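Close look at the chain arrangement
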Amino acid sequence: MQCYTELTPPTAVTHSLSLPFISADSKNLIVAKTSWLQIFTFKVIATDLESTKDDTRPGKQNGVFDRRANDDEGLEASFLGTDAILRASRTNRTKLILVAEYSLSGTITSLARIKTNDSKSGGDALLLGFKDAKLSLVEWDPARPGISTVSIHYYEQDDLQGAPWTTNISECINYLTADPGSRCAALKFGARSLAILPFKQGDEDVTMDDWDEELDGPRPEKQTTSKLTNGDAGKADTPYGASFVLRLPALDPNLIHPIHLAFLYEYREPTFGILSSTQTPSASLLYERKDHLTYMVFTLDLHQKASTTILSVGGLPFDLFKVVPVPAPVGGALLVGTNELIHIDQAGKSNGVAVNMFAKHSTSFNLADQSGLGLRLEGCTIGQLSIQNGEMLIVLHDGSLAILSFRMDGRSVSGLSIRQVASESGGSLISTGASSVSSLGGNALFIGNEGADSVVLGWARKSNQLSRRKSRLEIDGMDDTFLDEDDEDEDDADDDLYGEATATTKAVAAPSTSTKAGDYVFQIHDSLLNIAPIVGTVLGKTEHYLEDEEKENMEGVRSNLEMVSAVGIDNAGSLAIINKNIQPKVIGKFEFPEASGIWTMSAKRPLMKGLQVTKEKSEMSGDYGDEAQYDRLMIVSKMLPDATEISDVYALTAAGFEALTGTEFEPAAGSTVEAGTLGNGMRVIQVLKSEVRSYDGDLGLAQILPMFDDDTGAEPKILSASFADPFLLLVRDDASIYVAQCDDDNELEEIEREDDSLLTTHWLTGCLYTDSTDTFTTVQPDKGRKHGENVMMFLLSASGALHIYALPDLSKAVYVAEGLCFVPPVLSADYAARKSAARETLTEILVADLGDEAYKSPYLILRPSSGDLTIYEPFGTQSNTSNTLSSSLHFLKIHNPHLAENPDIGVVETEKDGAGARDEPMRAIANLRGYSVVFLPGSSPSFVLKSAKTTPKVLSLQGAGVKGMSSFHTAGCDRGFIYADNNGIARVSQLPTDTNLAELGVSLRKVPLGKAVHAIAYHPSMDCYIVGTSTDVEFELPKDDDHRRDWQREDISFKPSCEKGFLELVNPTNWTVIDTVELEPFEMVMCVKSLNLEVSETTNERKQLITVGTGISRGEDLAIKGRIYVFDVVNVIPHPDRPETNKKLKLVAKEDIPRGAITGVSEIGTQGFMLVAQGQKCMVRGLKEDGTLLPVAFLDMNCYVTSVKELRGTGLCVLSDALKGVWFVGYTEEPYKMMLFGKSPTKMEILAADMLPDGKELFIVATDANCNLHIMQYDPEHPKSLHGHLLLHRATFSLGGHLTTSMTLLPRTTVVTVPPSTPDAGETAAKAAIPENQLLFTSSTGSISVLCPLSESQYRRLSTLASHLTNTLFHACGLNPRAYRVDKDAPEGMVGGRTVIDGGVLMRWTELGSQRRAEVASRVGVSVDEIREDLVALIGGLGYL
């Protein structure tokens, strides 16, 4: 009884596609990451003058001066003269902005663009292909922003599989291709089946892409009625026709072995080209089967379900593997092989080019010779680069770039040429081969990658008019290698090359003007983080510092352990350091036990009367220097030991802060509720409980605003306040509000509450928001708004309703949503719930901008009594009835799986006392290391942050609970924050540098190594990491083989490559390599483990040593050998100026293994021995004092041992085989003996295995090559186990496309979220409810998951909950989560009765509104709080990270 939960989503990009998806004129990028679908839009921004390009109102963000309008780079450029500004303004970058993302219950295998007649958004539809022959057609629904499933199509029925002896559909490569005219799509599935899905289009003659107005007359206007109405929901007509399946041999008898097919451009009917053979291609049979491939072009008649062969080209090289359709002006198809490229046009004319010396040996096909390039095209990806001349970009398997050009003779291709991109022009920006290439337009490409970060690659063209360029370079002093995108008014490279449209053909026919190497310059504009594949994972200590001061500062804000993973492929190999919470970088730390609230502000000093010319309020007015933006003052609210409440003010300096005296600030006035600035920084506002005080920039008292009701004589106390220049909102303890405005003389005046509901309604809380993006306005202003005209007031009533007012107008609310307290998935003004529906107890609301410097947008954040934040994103819809905000504004709930882990006892006490507000309100910070964030103080302190490429994520702050927090921006702490925790410690901190916080929802730092990584281990006593790496070197035949003397005469220039292994020692103080051990040629690191071994037979001394297993491969015709190394990490004298180089690897023992590589090592037993998997044997070896490894016991294995694990100190081992499944083995020490206890009942290709103890039961967990998780158990008393010889198969759970790379058995921490009656009672209950162990999974797609054992009661509750949620929730693309988790190919005997629970479905519990939560909980038979406790226990077991 287990639950499988993904902690982080996959990061490896497998597919991408660009299309107008959200609307007809939008530009979108669809990114698929195995089972994760993301929809991006993108925009071009200027990096140096970003704010002026990005926003029509520069500098406005929440009424605070935006640093982007005057950042360091922009300031520097403004003082460098006009040339520097010209240079900066031309530096454009294409940035990705996330629109939506979905977790799919399927493995994406293909993406295709389909243009339908009547989509809801007016944009194109998206057709997704899934594993096992599924298609899903989706479109964008603007009414509820998200994808809407149009249809889903299955082709996995048994009657479509053909004969029973044919290949299983899951073992075939299934892919999808679509007609460029969107008339149909084709899914190749199974061995030789082709499913055709037609789509209904308008008049085909009108929609032809090759319409020529000069020849054919003016283009007829399209019928756009369906687009204008955003689609007609009442139509019963579907956008697709009945699909049908074709057998490829029925099209042509020669299509016995189809290799690849794709639809082609510029055909009147749907036409595809297919590459096939009548024989299976084989490199070993090259002399028998040479040039036997055939390229055929078929046109489809969708009405008759028939096809016609247009052309056939035979005698093609055997190594062709892909058909790439080429759009106009070139046309035809490009056939990609490992040694050559061949273009075939519409008439069947072929042109090819050989890219290495093996092309002439493998084919007799006529090819142009460019073998000097020495390219390897295996695994390459090709995308369109320039639409004008048809040039294409080739991304090779190692990440290097090449340009493919076509020599044109009119519309006919007369030849191909390839040139490599030099490193100085960006040819080596990509570390490893790409998985997809998509054009983003505007000189940008998206390069998807499975082994490195995916990037947006921008390109520019160098001008050929060197004289004009040279004169400009001499003036500007610019580097010629970093010329940016084309200028529209001058030096447009396309115009220089091709002239006007009428001269295009002539220019393309003479490409000699543009084919010089380096005419393209590539730069990375943006990137998507990727930690796939995760090769290995270890846990290490976090306390490593170079200086004692840093160690002292970081005490209390570091986790106990950190997870370090070896990730990446080839040169993209890196170390990923992962922490669950944010570990702040502490600049200063000091005792501050009395502090309960902190506010910093950047107040402007008052001007002298003689200099005060105008009082115009502009946020750009004032000094432009950084010093004007630095915080000058800090107000601290204190609770003294005698319960006296005071407030002190401090002056901030570069070194810290110091008490400020001699001002009119009165500390004894009481504790501060809120503080800020108004009047464009000219007034410092201090909100006390009974009054509001206004000071000038030098803290001279300017005004006191008492809270006194003239009518009733009451003096209500202020509970909370909110600032948005020039307005101030106060919420008081009599449930009333007070709104004041700062006039031109910087005097606060109350705004009359004209609306009666403002006076009669009881208000819980509220906030002000400066609407800089016009999200909450129905009419967009033609001209820039005046200061203060875009401030909105959000109020939460005691009945749970949301009221929005547009200040300064308080006569009527512009928006009222009564159902906010029900937290529905979509909140609108007309949402209504049942009277008996359960309500969420909301204590605070906040509207603030979230995002980074590239893009930010407002979000509504709700804080309930439990501390589990609910985040809403506002969106607008077009209403046919009225144009009011009530009809157009809606709020969409954002998925937030983060649950507060610590009990907020203060909330319970506050509710009992009847107070309606918190002592620690949420705080919005406009710029925190470039992020606009919201901080949640309290016992579970958290940041809400997002980047342009992510949705909002909630990350906890490491350490104790936080009482007060504020931004902190000084010369010594740039864009940081200061906070006081519950332990009385105040820290001036920054968000950690070089750390990604937003993309995965965890704190992640990547350290590039520049080599392929294979294994990683941690040495605990020396606090360092040992990483096995490799680089590719040229493979040479062994010269010392006496039987093959002809190998000594080998002389070829284009040699194959092989891996050469290294062992690197990494010091975590600064994550640098401090020692490297170079292995022999052909030797590769297979495994690295840190083992506690016995080093002396006489004293039985034990020592932590590093054991390395390697494999020596000298070619496929020689036997693989192995070698075992044992290293010690010793202290040495460090290099000068590098104190971290104080450790070194010292060789202790070395043992050659004549047969088989060392594929796994592990500790075993209690005597300090090691278990070694060497070839087809497993041996127990002991380290002798003379440096030899003595074998004491062995066990014969079958084929290839993939995993070796021991349950520490017990002698119980699990061994997995690549073909024969799992073996459960025991080891005894007296006598030394290994014996087999039980085997898995069936043959499985096991990649990873481990043991999971659960109380008195022991489960064996294994994952196979088909991405299935198997739960087995050793139970000799069960009759089906044959006295224990067979392991009982308890459950099979499909992991989708996530191939497991490692399993780690970890202890499980307990999380108590409800305050227990006594500490002992809480501890006892936690231990009784939560098992002690869990398994951490890493995968080839970059996802990190955890498998948790469940008690019987937990399993029943959560399985029932998962069943109800599966029936209740919306599932993207119409996929079935139940079917997704079932292994369709497993024999009936392997499928257990009690399945593993899908934690991904459980974590969507927060997507439900309070009404649905209560209904589902009642069906499960428990309360909502009990379900929440179970969910916290599932994801909170890694408390030490």
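Now for a look at the structure at hand. Everything numeric in this text was worked out from a predicted model, so none of it was measured. Throughout this document, residue positions are counted from 1 along each chain, in the order its sequence is written. Local features in a predicted model are, by the rule used here, given only for residues with pLDDT of at least 70; side-chain atom pairs are given and counted only at 80 or more, and totals for whole chains, interfaces and linings are based on all residues. The basis for the side-chain values is all heavy atoms of the structure; hydrogens and waters are excluded.

Once that is clear, we can look at the overall build of the protein chain. A run of H or I in DSSP counts as a helix once it spans at least four residues, and a run of E counts as a strand once it spans at least two, with each numbered from the N terminus. The secondary structure content of the protein chain amounts to 21 helices and 89 strands. Contacts are assigned to residue pairs with any non-hydrogen atoms lying within 4.5 Å of each other. Taking contacts inside the protein chain between residues at least 6 apart in sequence as the whole, the part at least 24 apart equals 60%. Calculation of accessible area relied on Shrake-Rupley with a 1.4 Å probe; when residues are assessed, cover is drawn exclusively from the protein chains displayed. Summing over all exposed atoms, the protein chain offers an accessible surface of approximately 59300 Å²; the carbon and sulfur share of this is 50%.

A separate point is the pattern of salt bridges. When a carboxyl oxygen of Asp or Glu is within 4 Å of a side-chain nitrogen of Lys or Arg, the pair counts as a salt bridge. If you walk through the whole model with that rule in mind, you get 40 salt bridges. Where Arg923 meets Glu674, a salt bridge forms, and the shortest distance between an N and an O atom there is 3.0 Å. Of this pair, Arg923 sits in strand 58 (residues 923-928) while Glu674 sits in strand 41 (residues 672-678); the two residues are 249 residues apart in sequence, bridging distant segments of the chain. For every residue, the accessible area (1.4 Å probe, protein chains only) is compared with the maximum for its type, and the residue is labelled buried under 20%, exposed over 50%, or partly exposed between those bounds. Using a relative accessible area of 9% as the deciding quantity, one classes Glu674 as buried. Salt-bridge contacts for Arg1123 lead to Asp1152; the nearest nitrogen and oxygen are separated by 2.5 Å. On the criterion of sequence distance, the pair formed by Arg1123 in strand 72 (residues 1121-1131) and Asp1152 in strand 73 (residues 1143-1153) is long-range, its members being 29 residues apart.

One turn of an α-helix holds 3.6 residues; hence residues three or four places apart share an orientation. Counted at 1.5 Å a residue, the expected span for helix 17 (residues 1352-1368) with its 17 residues is 24 Å, and the 24 Å between its end C-alpha atoms agrees. If you check which residues of helix 17 are buried, you get Gln1354, Tyr1355, Leu1358, Leu1361, Ala1362, His1364, Leu1365 and Thr1366. Helix span is expected to be 1.5 Å times the residue number reduced by one.

Taken together, the side chains of Glu547, Asp548, Glu549, Glu550 and Glu552 make up a negatively charged region of the molecular surface. The residue Asp548 is located in helix 11 (residues 548-554) in this model. Residue Asp548 is classed as exposed on the basis of its relative accessible area of 66%. Within this analysis, patches are made of residues with over 30% relative accessible area and no salt bridge. Like charges are joined at 9 Å or less; nonpolar side chains (Val, Leu, Ile, Met, Phe, Trp, Tyr) at 5 Å or less. The positive count covers Lys and Arg only, the negative count covers Asp and Glu only, and His and the chain ends enter neither. Lys charges are placed at NZ, Arg charges at CZ, Asp charges at CG and Glu charges at CD.

By the criterion of burial, strand 71 (residues 1102-1112) is predominantly enclosed, with nine of the 11 residues buried. Note: strand 70 (residues 1083-1094) against strand 71, 11 bridges, orientation antiparallel. The residue bridging Val1085 from the neighbouring strand is Thr1110, located in strand 71. Strands were regarded as paired on the criterion that DSSP finds at least two bridges between them. Looking at chain direction, strand 71 and strand 72 are connected through seven bridges and run antiparallel. Within the sheet, the bridge partner assigned to Gly1111 lies in strand 72 and is Gly1122.

Okay, the side chain of Glu844 next. Relative to the helices and strands, Glu844 is located in strand 54 (residues 842-851). In protein, a polar contact means a hydrogen-donor-capable atom and an acceptor-capable atom, both N or O and within 3.5 Å, with residues adjacent in sequence counting only if both atoms are side-chain atoms; elsewhere, any N or O pair within 3.5 Å suffices. Among the polar contacts listed, one links the side chain of Glu844 to the backbone nitrogen of Met922, at a separation of 2.7 Å.

It is worth spelling out the sheet that holds strand 41 at this point. Taking strand neighbours across the sheet as the criterion, the four strands line up as 41-42-43-44 in an open arrangement whose pairing is antiparallel. Two strands lie at the open edges of the sheet, namely strand 41 and strand 44 (701-706), each paired on one side alone. Averaged over all pairs of adjacent strands, the angle between their axes in this sheet comes to 15°, without regard to strand direction. Pairing of strand 42 (residues 683-688) with strand 43 (residues 691-695) involves four bridges; the strand directions are antiparallel. In the sheet register, Gln686 faces strand 43, and the bridge partner there is Arg693. Axis lines are fitted through C-alpha atoms, for helices just across the contact stretch, and the angle between N-to-C directions can take any value from 0 to 180 degrees.

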